[in-house]
Amino acid sequence: MPRSMAAPVWELGMEPVVYQVTGRHQELVDTVTLQMTPVDGPAMSFLPGQFTMMGLPGIGEIPVSISGSPNDGGPLTQTIRAVGKVSAAIAGLGVGDRLLMRGPFGEPWPVEEAVGRHLLIIAGGLGLAPVRPIVYWALANRGRLAGVELLYGARGPDYIPYGAQLLGWLASDRMTGSLIVDRHSDEWAGPVGPVTELIGRHATVDPAKTVAMVCGPEIMMRFVIQALEARGFADSDIWVSMERNMKCALGWCGHCQLGPVFVCRDGPVFRVDHVRNLMTQSEL
Ligand SMILES: Cc1cc2nc3c(=O)[nH]c(=O)nc-3n(C[C@H](O)[C@H](O)[C@H](O)COP(=O)(O)OP(=O)(O)OC[C@H]3O[C@@H](n4cnc5c(N)ncnc54)[C@H](O)[C@@H]3O)c2cc1C
Ligand code: FES
């Protein structure tokens, strides 16, 4: 039975809950991370890769991934880049301000697929936000995984969110990984180029024993998929998170429809062999 027919709407997240901003961190010039708790009751629990609809009355509502830890039951953490009317208004909220929240929505990253195998996480730009909960999960479940590797590409050194935390993770002996930036700059001594360059250099794992989870701009994900396939990865071991405009997030309105799938309900996380033909299609 479709999920939308299985339960009354208030159980499905149609009814917004009032949240209050309890913490705000300016990640990048146009990007903030907000911590939020409901005005009444506990914060929602969620799985890595899920998103919420964040709304401001009279302004609008947008889908935003949950970027915090799924393990600690703490405030809901989300990272928002101001690109337009609604995202700019939400990014402009301060501690004590209120907003409306629906969710969580969407199919999560299939993290249990990585148990007993290597987990290769590849992100570009703000695609780091939806994969950050995978890293939290992987570190909490490190003993069940053969290895954890994070490859991350950003436009430049000033465009790397969660900078100190990211460097701490990569310096630890619990995971491996590398950062790369698109352009040379005086403050950057690391590698320069597209994130696909790192796949050849750093992904030392056996593709047959690895699950890859990829998030970033769609063009970047297409090149990453090609590079992984060239290294011998099967499409069935590569997962991506896709973005489309959304309104209901419940599989009702068709705003996010991509061929036969609704990104809000069937995704946003998809196995590549299930969406290979759809990934070249823009908004319908
Ligand atoms: C499942 C999902 C998860 C998402 N997670 C995050 C997240 O963690 N953090 C975050 O900041 N954003 C995230 N987004 C994107 C976010 O929803 C959009 O940036 C937002 O809807 C833009 O709305 P707006 O009214 O601010 O801008 P609009 O007025 O709708 O658009 C302003 C400009 O931004 C461009 N734009 C619109 N949507 C996007 C987009 N998705 N990506 C890039 N440019 C866009 C438009 O083409 C336009 O040029 C996610 C989207 C989806 C579907
Ligand atoms: S946003 Fe309405 S069907 Fe997906």
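**A short note on the pairing of strand β4 (residues 60-65)**
With six bridges joining them, strand β3 (residues 51-56) and β4 adopt antiparallel strand pairing. Paired with Met53 across the strands is Pro63, a residue of β4. Following β3, the chain reverses through three residues before pairing antiparallel with β4; Gly58 in that reversal takes a positive phi of roughly 80°.

**Notes on the packing of aromatic side chains**
Following the criterion strictly, the structure yields two aromatic pairs and no others. Ring plane angle 40° and centroid distance 5.8 Å describe the contact between Phe51 and Phe105, whose orientation is recorded as tilted. On the criterion of sequence distance, the pair formed by Phe51 in strand β3 and Phe105 in strand β6 (residues 98-105) is long-range, its members being 54 residues apart. One exposure class covers both Phe51 and Phe105, and it is buried. Taking NZ or CZ as reference, Arg132 lies 3.8 Å from the ring centre of Tyr162, over its face.

**Here's the deal with the domain arrangement of the chain**
Domain boundaries in the chain define domain 1 (3-105) and domain 2 (111-241). Using only C-alpha atoms to locate each centre, domain 1 and domain 2 end up separated by 25 Å. With 17 residues of domain 1 at the contact, the number on the domain 2 side is 14 residues. Taking both sides of the interface into account, the surface hidden between domain 1 and domain 2 amounts to around 1,300 Å²; carbon and sulfur atoms contribute 63%. Interface area lost by domain 1 to domain 2 is led by Leu28, Pro48 and Arg81, which between them contribute 34%. Our count for the contact surface shared by domain 1 and domain 2 stands at zero salt bridges. At the junction of domain 1 and domain 2, the tally comes to four residue pairs in polar contact (both at pLDDT 80 or more). Sorting the residues of the side of domain 1 that touches domain 2 by element identifies β1 (17-28), β2 (31-38) and β5 (76-81) as the ones contributing at least two each. When residues in the side of domain 1 that touches domain 2 are grouped by element, the largest group, three residues, is from β5. Considering only residue class, the side of domain 1 that touches domain 2 consists of five nonpolar, ten polar and two charged.

Criteria and cut-off values
- Residues numbered from 1 in each chain as written.
- Chains lettered and ligands numbered in written order.
- Predicted model: local features only at pLDDT ≥ 70, side-chain atom pairs only at ≥ 80, totals over all residues.
- Heavy atoms only, no water.
- Pairing = 2+ DSSP bridges.
- Helix = DSSP H or I, 4+ residues; strand = E, 2+ residues; numbered from the N terminus.
- Phe/Tyr/Trp six-rings, centres within 6.5 Å; stacked < 30°, edge-to-face > 60°.
- Buried < 20%, exposed > 50% of the residue type's maximum accessible area, 1.4 Å probe, protein only.
- Lys NZ or Arg CZ within 6 Å of the ring centre and 35° of its normal.
- Domains from an automatic or database assignment.
- Contact = heavy atoms within 4.5 Å.
- Buried area = accessible area lost by both parts, 1.4 Å probe.
- Salt bridge = Lys/Arg side-chain N within 4 Å of Asp/Glu carboxyl O.
- Polar contact = N/O pair within 3.5 Å; in protein donor to acceptor, adjacent residues only side chain to side chain.
- Nonpolar A, V, L, I, M, F, W, Y, C, P; charged D, E, K, R; others polar.

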